[in-house]
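This is what each chain is made of:
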Amino acid sequence: FSAKISNPGLGFIKEKKMAHQKVIILDFGSQYTQLIARKVREQGVFSEIVPFDTDPKSFADENLIGIILSGGPASALEKDSPRPYSGILELGVPVIGICYGMQVLALMLGGGLSASSSREYGRAAIRIDISEPLFSGVERESIVWMSHGDHVINLPENFRACASTETLPIAAFQNIERGIYALQFHPEVHHTERGTDIIRNFLYTICGARGDWTMSSFIETQIEIVRERVGSDENVVLGLSGGVDSAVVAALLDRAIGDRFYPVFVNNGLLRLGEAVQVCSDFKRHFGRELIYIDATETFLRNLSGVEDPEKKRKIIGGTFIDVFLESVSHINNINYLAQGTLYPDVIESVSTKGPSAVIKSHHNVGGLPDKLGLELIEPLRKLFKDEVRKLGAKLGLPRKMLWRHPFPGPGLAVRVLGAITPERLEILRRADNIFIEELHNFGQYDNVWQAFAVLLPVKSVGVMGDERTYEHVLALRAVDSVDGMTADWSRLPDNLLARCSSRIINEVKGVNRVCYDISSKPPATIEWE
Ligand code: XMP
């Protein structure tokens, strides 16, 4: 291997080649910041989230067409509350503030705020001035979503109010000449009836967007970037996981450099029933060649033998993966790059993503890999949200089944066999899990849930089968509804589906005599049990 220092991203020059117009979102910590970014992108305009105190010099270039100030939990009336650089108003591009963003703009421009005694949260009927370009095509009265404490009572000079509610005379303000707009409500949330139109008006009518953020243009640019980076005598390795992200990276690399990318799939012995064979055959069918398949089941299970602590399991699996992966690619010459399916939510340095949730479980199981290998990273998806990755995969011709699979954790069944892992316990879990997934498909429910799986508990329970008393394993089924895995609710699956799963599992899986359904939400529980 070449001893290069790993490079966390694309070079500046190559980045500039991605000449999409862009909207910058200054993040003040709202739970909706990522939603704003996705809503803008859904309109065909690239958007990026940066911390609220980012120096505009770092994002002001010819591609910048607008700036959005997000909401946030602080009160703008507090001393030391977050403020952006005032220079954001001098860049010659339109600026819009949402909720906290509105209040901050009001203060920066010389307006006045009042602290409400109680927070206003939820739906509100709004009356707007429909002659304004921001509200073009929107009805005079509609429903919006509010979530605020403070509100604007004095307009900045030369600004006018352009929407109101029963309790708020200034629910939106603007100065068209200066290109500054502000909304007290959240246009990005689903419950704001005409929110999408307002965002679209801001982007297209006010900022002059061209709508150049499309998956086709993304594919072309990425292919060009990869071809330019990877020299004709250089090679790329990619760890396939069987999940969506690495499959999409594989499809992009395949288009860009053909067989100079080496796909490696490590079977860690912690996969689901038939999964290893499935991943290999799907790959062969789609790409017309074999992947490098390493069956390291024995090594992983030996290293995990007797280990009960979940975090210890994760560390062992991560460490073993690095060793196995290194060994498996050691025979390939001229490997210079490691490709990874890192996504945008993993790299955003936003106020809202810095929270306790990030450290509850150590999710980045193979974090040390690039350094150990001395390889440069290729991360073509690091600007994309998951829904965009799926669209990209569809454009690249990947089958629907591959794109809409439920997420599966890196440590696999190790965190679903609670307590110590043995081949026998893994086998019980695999069979039960397979029945659950089969029945979700049979009942047409697989696509309705975000993630579903079985968990083998470290307890036995008494039962009776025929005339005999049994003392066997207890198994839990878990199915959740979620958007991004950060919060989740248990899925209200039909009774007859659960009944069918329970009876099939107890009849068909030897060693299980009791099935429970997990009815905990996240928080306070997590999705996985370990
Ligand atoms: P939790 O259990 O934290 O899970 O609510 C949220 C999402 O993350 C997945 N998960 C993991 N993924 N390595 C992974 O790659 C891990 O160690 C890990 N732990 C949980 C989980 O399946 C769910 O989709």
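Keep in mind that this is a model prediction, so the values were computed, not measured.

Of regular secondary structure, the protein possesses 15 helices and 20 strands. Relative to a compact globule of 530 residues, whose C-alpha radius of gyration would be 24 Å, the protein shows 26 Å and is just as compact. Viewed in the frame of its principal axes, the protein has a C-alpha envelope of about 80 × 65 × 40 Å. Buried residues in the protein amount to 54% of all 530 residues. In the protein, of all internal contacts separated by at least 6 residues, the share reaching a separation of at least 24 is 76%.

This paragraph deals with the packing of aromatic side chains. What characterises a pair of aromatic rings is the spacing of the ring centres plus the angle enclosed by the ring planes. Applying the stated criterion across every chain yields a total of 12 aromatic pairs. Consider the rings of Phe-28 and Phe-52, whose centres lie 5.4 Å apart with planes at 20°: the pair is stacked. Here Phe-52 lies in the loop between β2 (46-51) and β3 (64-69) and Phe-28 lies in the loop between β1 (22-27) and α2 (33-42), a separation of 24 residues in the sequence. On the accessibility criterion, Phe-28 (3% relative accessible area) is buried. Here Phe-28 and Tyr-100 contribute two aromatic rings whose centre-to-centre distance is 5.3 Å and whose plane-to-plane angle is 50°, an arrangement assigned as tilted. You can see Phe-28 sitting in the loop between β1 and α2 and its partner Tyr-100 sitting in helix α3 (residues 100-108), a full 72 residues away along the chain. A residue is classified by how much of its surface remains accessible, and Tyr-100, at 1% relative accessible area, is buried. Grouped by ring-pair contacts, the aromatic residues Phe-28, Phe-52 and Tyr-100 constitute a single cluster. In this structure, Arg-272 is placed above the aromatic ring of Phe-408, and the distance from its NZ or CZ to the ring centre is 3.8 Å. One Lys or Arg, Arg-492, reaches over the ring of Trp-490 and ends 3.8 Å from the middle of that ring.

Moving on: the pattern of salt bridges. In the structure shown here, the tally under the stated rule is 30 salt bridges. Ionic pairing is found between Arg-127 and Glu-141, a salt bridge with its closest N-O pair at 3.7 Å. Taken together, the residues Arg-127 in strand β6 (residues 120-128) and Glu-141 in strand β7 (residues 141-148) connect sequence positions 14 residues apart. Overall, Glu-141 belongs to the exposed group, its relative accessible area being 55%. For the salt bridge of Glu-376 with Arg-229, the shortest nitrogen-to-oxygen distance reads 2.9 Å. Placement of the pair is Glu-376 in strand β16 (residues 376-378) and Arg-229 in helix α5 (residues 215-229), with a sequence separation of 147 residues. Residue Arg-229 is classed as buried on the basis of its relative accessible area of 10%.

Spatially, β2-β1-β3-β4-β11-β10-β9-β6-β7 is the arrangement adopted by the nine strands of the open sheet, whose pairing is mixed. Single-partner strands in this sheet number two, and they are β2 and β7. Taking each pair of neighbouring strands and ignoring which way they run, the sheet shows an average axis angle of 25°. Relative to strand β11 (residues 180-183), strand β4 (residues 95-98) runs parallel, the two being bridged by four bridges. From the neighbouring strand, Ile-98 faces β11, where its bridge partner is Leu-183. Of the strands in this sheet, β3, β4, β7, β10 (172-175) and β11 are in contact with α3, which crosses β4 at around 120°. Against the sheet, helix α4 (residues 195-206) makes contact with β1, β3, β4 and β11, and its axis sits at roughly 175° relative to β11, the strand it touches most.

Taken over all residues, the pLDDT of the protein has a mean of 91, while the share at 70 or more is 92%. Note on residues 1-13: pLDDT is under 50 here. Beyond four places in sequence and across chains, it has 32 contacts. Contacts from residues 354-361, a stretch scored under 50 in pLDDT, to residues over four places away or in other chains number seven contacts.

Strand order in the open sheet formed by five strands is β14-β13-β12-β15-β16, with parallel pairing between adjacent strands. In the strand order of this sheet, the two ends are held by β14 (292-295) and β16, each with one partner. Going across the sheet, the axis of each strand differs from the next one's by a mean of 30°, ignoring polarity. When strand β12 (residues 235-240) meets strand β13 (residues 261-267), the two strands line up parallel, connected through five bridges. Counted as the bridge partner of Leu-238 is Pro-263 from β13. With respect to the sheet, helix α6 (residues 244-257) is in contact with β12, β13 and β15 (335-339), its orientation differing from that of β12 by roughly 160°.

Conventions we followed
- Residues numbered from 1 in each chain as written.
- Predicted model: local features only at pLDDT ≥ 70, side-chain atom pairs only at ≥ 80, totals over all residues.
- Heavy atoms only, no water.
- Helix = DSSP H or I, 4+ residues; strand = E, 2+ residues; numbered from the N terminus.
- Rg over C-alpha atoms; globule rule 2.2 N^0.38 Å.
- Buried < 20%, exposed > 50% of the residue type's maximum accessible area, 1.4 Å probe, protein only.
- Contact = heavy atoms within 4.5 Å.
- Phe/Tyr/Trp six-rings, centres within 6.5 Å; stacked < 30°, edge-to-face > 60°.
- Lys NZ or Arg CZ within 6 Å of the ring centre and 35° of its normal.
- Salt bridge = Lys/Arg side-chain N within 4 Å of Asp/Glu carboxyl O.
- Pairing = 2+ DSSP bridges.
- Axes fitted to C-alpha atoms, helices over the stretch in contact; angles between N-to-C directions.
- pLDDT = per-residue confidence, 0-100.

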